[in-house]
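Now for the letters of each chain:
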Amino acid sequence: MQTTAAPEISDNRSPRPLPPNTATAGSTHSQWLPGDWLALSLVLAFAAALRLAFFNGFFGSDDVVYFGRSLAIAHGDWSTANYNGALRYGYNLPAGALIALFGIGPWAANAWPLLCSIAEIGVLFVLVQQYAGRRAAVFSALVLATFPLHVAVATRIHADSVVSLFLTLSFALLYFAERSGSRRLYFATGLAMGMVYWAKELAVLTLFAFLLYEPLYRRPDRRWLYVLAGGLTMLAAHLLLMQIVAGDPLHLIKTVTGQMQRSFISQGQGEDGVGYYFRYLLLDPKHTWLAPLLALGAIGTAVLHWRNPSSERRLERHAIWWLLSLLLVLTLTPVSLQPLRFAMKQSNYLTLFLAPLALLAGLLLARLRWGGTVLLAAVLLGGMALGALEQRAYRVFTANSRAAITFAAGHPDDWLLGSANNGNLATVATQLGQVPGLDLRFGYLLRPASERSPELGERMRTRPSGYVVFDRETLGWGMPSWRGKLQAPACWQPVDQLKPQDDDLSLALVQGSIDMAGRLSPALGARLQSALMSLLVPQSATVYRVEARDLWCGADAPPG
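Predicted model, so just to flag it, every value in this text is computed and none were measured.

The next point concerns the overall build of the protein chain. If you tally the helices and strands in the protein chain, you get 22 helices and seven strands. Its C-alpha atoms give the protein chain a radius of gyration of 26 Å, within 12% of the compact-globule value 24 Å for 560 residues. If one aligns the C-alpha atoms of the protein chain with their principal axes, the spans along those axes are about 90 × 65 × 45 Å. The buried share among the 560 residues of the protein chain stands at 53%. Relative to all contacts within the protein chain whose residues are 6 or more apart in sequence, the contacts with residues 24 or more apart total 78%. Working note: accessible area of the protein chain is about 24,700 Å², and carbon and sulfur atoms make up 64% of it.

Any two aromatic rings considered together are summarised by their centre-to-centre distance and by the angle between their planes. This structure, assessed with the given rule, holds 24 aromatic pairs. Each ring, one from F470 and one from W492, has its centre 5.9 Å from the other, and the planes form 75°; the classification is edge-to-face. With a gap of 22 residues between them, F470 in strand 5 (residues 465–471) and W492 in the loop between strand 5 and strand 6 (493–497) connect regions that are remote in the sequence. Counting every residue linked through ring pairs, the aromatic cluster contains F59, Y394, F397 and W477. In this structure, R179 packs its charged tip against the face of Y175, placed 4.7 Å from the ring centre.

Counting 134 residues, the largest nonpolar core has L127, V128, V143, F353 and L359 as the members making the most contacts within it. With 13 residues, the single largest contributor to this core is helix 16 (residues 351–367). Excluding residues that lie within four positions of it along the chain, F353 makes contacts with Y277, L281, L323, L326, L327 and L330.

The next subject is the side chain of E312. Looking at the element boundaries, E312 is found in helix 15 (residues 311–332). Polar contacts involving the side chain of E312 include one to the side chain of R367, which spans 2.7 Å. E312 has contacts with Y131, A132, L363 and R367, leaving out every residue within four places of it along the chain.

This part covers the environment of A172. Take A172: it is sitting in helix 8 (residues 160–180). On a C-alpha basis, the gap between A172 and T189 in space is 8.3 Å, while along the polypeptide they are 17 residues apart. Not counting chain neighbours up to four residues away, the residues in contact with A172 comprise V123 and L127.

Turning to the pairing of strand 1 (residues 334–337), a few remarks are in order. Pairing analysis gives three bridges linking strand 1 to strand 2 (residues 340–342), with the strands arranged antiparallel. What sits directly across from P334, in strand 2, is F342. Hairpin connection of strand 1 to strand 2: two residues between the antiparallel strands.

As a further point, take the sheet that holds strand 3 (residues 416–418). Backbone-to-backbone hydrogen bonds join strands into a sheet, with any given pair of strands oriented parallel or antiparallel. The five strands are arranged 4-3-5-7-6 in an open sheet whose pairing can be described as mixed. Of all strands in the sheet, those bounded by a partner on one side alone are strand 4 (442–444) and strand 6. On average, each strand axis in the sheet is inclined to that of its neighbour by 30°, with strand direction left out of account. Where strand 3 lies against strand 5, two bridges are found, and the strand directions are parallel. Bridge pairing in strand 5 places L416 opposite Y467. Sitting on the sheet, helix 17 (residues 370–409) touches strand 3, strand 4, strand 5, strand 6 and strand 7 (541–547), and the angle it makes with strand 5 is about 165°.

Attention shifts here to unusual backbone geometry. Look at the link from Q338 to P339: it is a cis peptide, with omega at 5°. When you line up the elements, P339 lands in the loop between strand 1 and strand 2. Phi is positive for W289, which is not a glycine, with a value near 55°. Tracing the sequence through the fold places W289 in the loop between helix 13 (276–282) and helix 14 (291–304). A positive phi is found at R369, a non-glycine position, where the angle reads about 55°.

Checked against the element boundaries, T333 lands in the loop between helix 15 and strand 1. A polar contact is formed between the side chain of T333 and the backbone oxygen of V329, at a distance of 2.5 Å. The residues contacting T333, other than those within four sequence positions of it, are L205, L328, R341, F342 and A343.

This part covers the state of the cysteines. According to the stated counting rule, one finds one disulfide in the structure shown. In this model C491 forms its disulfide with C553; the gap between the sulfur atoms is 1.6 Å. Here C491 and C553 share a disulfide; its torsion about the S-S bond, -80°, makes the bridge left-handed. With C491 in the loop between strand 5 and strand 6 and C553 in the segment after strand 7, this residue pair connects regions lying 62 residues apart in the sequence.

Let us look at the packing of helix 20 (residues 505–520) against helix 21 (residues 522–531). Between helix 20 and helix 21, the least distance of the axes is 5 Å, while the angle of their chain directions is 155°. Judged by the inter-axis angle, helix 20 sits roughly antiparallel to helix 21. Across the interface between the two elements, Q511, I514, A517, G518 and L520 of helix 20 pack against P522, L524, G525, L528 and Q529 of helix 21. Looking at the contact of helix 20 with helix 21, its residues break down into six nonpolar, four polar and no charged.

On to the environment of W306. For W306, the location among the structural elements is in the loop between helix 14 and helix 15. When the C-alpha positions of W306 and A358 are compared, they lie 20 Å apart, and in sequence the two are 52 residues distant. Filtering out sequence-adjacent residues up to four positions away, W306 remains in contact with R317 and I320.

Attention shifts here to a nonpolar patch on the surface. There is a patch of nonpolar side chains on the surface, built from F278, L282, L283, L293 and L296 and spanning about 500 Å² of accessible area. When contributions to the nonpolar patch are tallied by element, the ones reaching two or more residues are helix 13 and helix 14. Counting through the fold element by element, L293 comes out in helix 14.

Cut-offs and rules
Residues numbered from 1 in each chain as written. Predicted model: local features only at pLDDT ≥ 70, side-chain atom pairs only at ≥ 80, totals over all residues. Heavy atoms only, no water. Helix = DSSP H or I, 4+ residues; strand = E, 2+ residues; numbered from the N terminus. Rg over C-alpha atoms; globule rule 2.2 N^0.38 Å. Buried < 20%, exposed > 50% of the residue type's maximum accessible area, 1.4 Å probe, protein only. Contact = heavy atoms within 4.5 Å. Areas by Shrake-Rupley, 256 points an atom, 1.4 Å probe, with all protein chains shown as cover. Phe/Tyr/Trp six-rings, centres within 6.5 Å; stacked < 30°, edge-to-face > 60°. Lys NZ or Arg CZ within 6 Å of the ring centre and 35° of its normal. Core = buried A, V, L, I, M, F, W, Y, C linked by side-chain atoms within 4.5 Å. Polar contact = N/O pair within 3.5 Å; in protein donor to acceptor, adjacent residues only side chain to side chain. Pairing = 2+ DSSP bridges. Axes fitted to C-alpha atoms, helices over the stretch in contact; angles between N-to-C directions. Disulfide = S-S within 2.5 Å. Parallel < 35°, antiparallel > 145°, perpendicular 65-115°, else oblique. Nonpolar A, V, L, I, M, F, W, Y, C, P; charged D, E, K, R; others polar. Patch = residues over 30% accessible without salt bridge, like charges linked within 9 Å, V, L, I, M, F, W, Y side chains within 5 Å. Salt bridge = Lys/Arg side-chain N within 4 Å of Asp/Glu carboxyl O.

Take a look at the structure:
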C-alpha cells in the first residue's frame, strides 16, 4: 500500500521562500548557486590531484587479470573465462572502452577506477549539499577525498572504487527518491544496485542492507517495485551477456560459488571474524584515520536529537542506517552453515563504509564551527600522510619487479625465472608494449616446470644458461613456508644486484619527514628511520646465472 506521507518536495507557491543554501525542518533541499559549483569543482580537482600524486599503478596480482580482460575487450576478444575477476564486466567493459579510446598505457588502464573514485566524492557532495548545505558538503567530501584507503584504491586496477561508487549512488538515489517520491529515481536506484553486482558479484551481499529500510522507517510502498524493476533489468542484462559470452546465463554464479566452496569454505582460507571491520575502523587507523571516531561522535549527537525533523538531521539518520546496516550485513551474513562461516572479509572492503563515515564526520565537523575547521585540517593532513604510507607499502613491494623488467629488457635473448610478482609484472610489461615478448621468456621460479609455457620450455632447452631473479622482497609472497627461508643454491653465479626502481612522491615525503625529525632530534630521526625502513627500501634482489639442466644444483626443487 502506498504511504500517505507527503513527499518532501518544494512548494513553489510558498509565500516565504527560504534563504538559499539553508536546510531547516521546512525545507527539502538547498538550491544550487555558483558558489556550490565552484566548491564542488575545487574539491574534485583536489581529490584528482591527490590521487595522481600518489599513483599506484600495477601490483602484479588480480590487476593483471582485470587488465588482461579489459585489453581483450578493447581488441574485440569476447572469449570466456573461469575466474571471477575476468567476469566482472562492470569493471572490464568500461575499462576496455577507455583503453580502446585512449590507447594502451598505465593511465588509460587505470582511468576507470580513478574516475569512479572521484565521482563517488561528487555524489556525496551533491547529497549533503542538498540537505545540509555547502559547508557540510565540503567537509564531508574532503573527508572522503583524503581517506588513505580511498586515495590508494583510486589508482589500483581493481573493482573496489567501482563497487563503492555504485553502492554510494544506490544509497544517495534512494534518499532522493524517498524525499521526492520520483518513480524515475526509484528505478535509477535499482539500476545502481544492479551495477554493484556487475562490478563485484560478492558485493551483492551489501544489497541485503536495503531490506532493513522499510521495516525500520516506514510502511511498505508500491514505489519500491520500481527499485526491484531496475535491479531485475540489470540482472537480466547480465544473464544475457553471460549467455552470449559463455553460453550459460549462470556462468558467473557457478564460477563464484565453486571458487568459494573450494577455497573459502572447504579449505578454510580467508578471514570471516565478526570483529574484523570494527578492529580496522576503531583500533587500526592506517586506512581510515580519525573519521570513524568522528562518526561515533555524530551518532551520539544524533541519538540526543533523534526527533529533530530538520533536513540535516534526517540525512544524518539516513547515514547512520546506511553505515550500521552495511556493517551488520557484511559482518554477520552466513555463507556456510556446515562449517559455519560468515561473509569473507578483506581490508579493501572497508571502502564500502567510507562514504557514510565521511558523511557523518562531515556533518559533525560542520556544526563545530572553528573547532570543526581545526579538526578537519587534522583529518586532511593525517589522511594525506597515511596515504603516502599506503603508496609506499604498495610501491616498495614492486620496486624490485620493475628493476627486473629493466634487466630483462637489456638481455633480449635470454630466459629468466623469478617470483610470481616478477613474472606477473613481466606479463604486464608485454601487454603494455614496453618489452615485447617478455612474457614468453620470463617464468616462475617456484612453480613446477610443467606449468611453464611451452615457449619458455623451448627456450630453456635451446639456451641452457639463463638468469634467476632472486627477489627476497616478493619471493615468499602468498607462500609463507618459503618466506625468508629459501636460500640461493651454491652453484648459482651472482652477476648483478638490482637497484630498486622506486622514485615516487611518497618516498620523498617519507624520507623528508625523517630528515626533518632528525634535525629536531637525532634520536627521533633514527627511531623513525628504523621503524619505516621496510617502507623505504625493499629487501635485496640478486640476479644469478643458472643452468637449466641443473637448476637446483642436484637437489630437488623446494616443495610447493
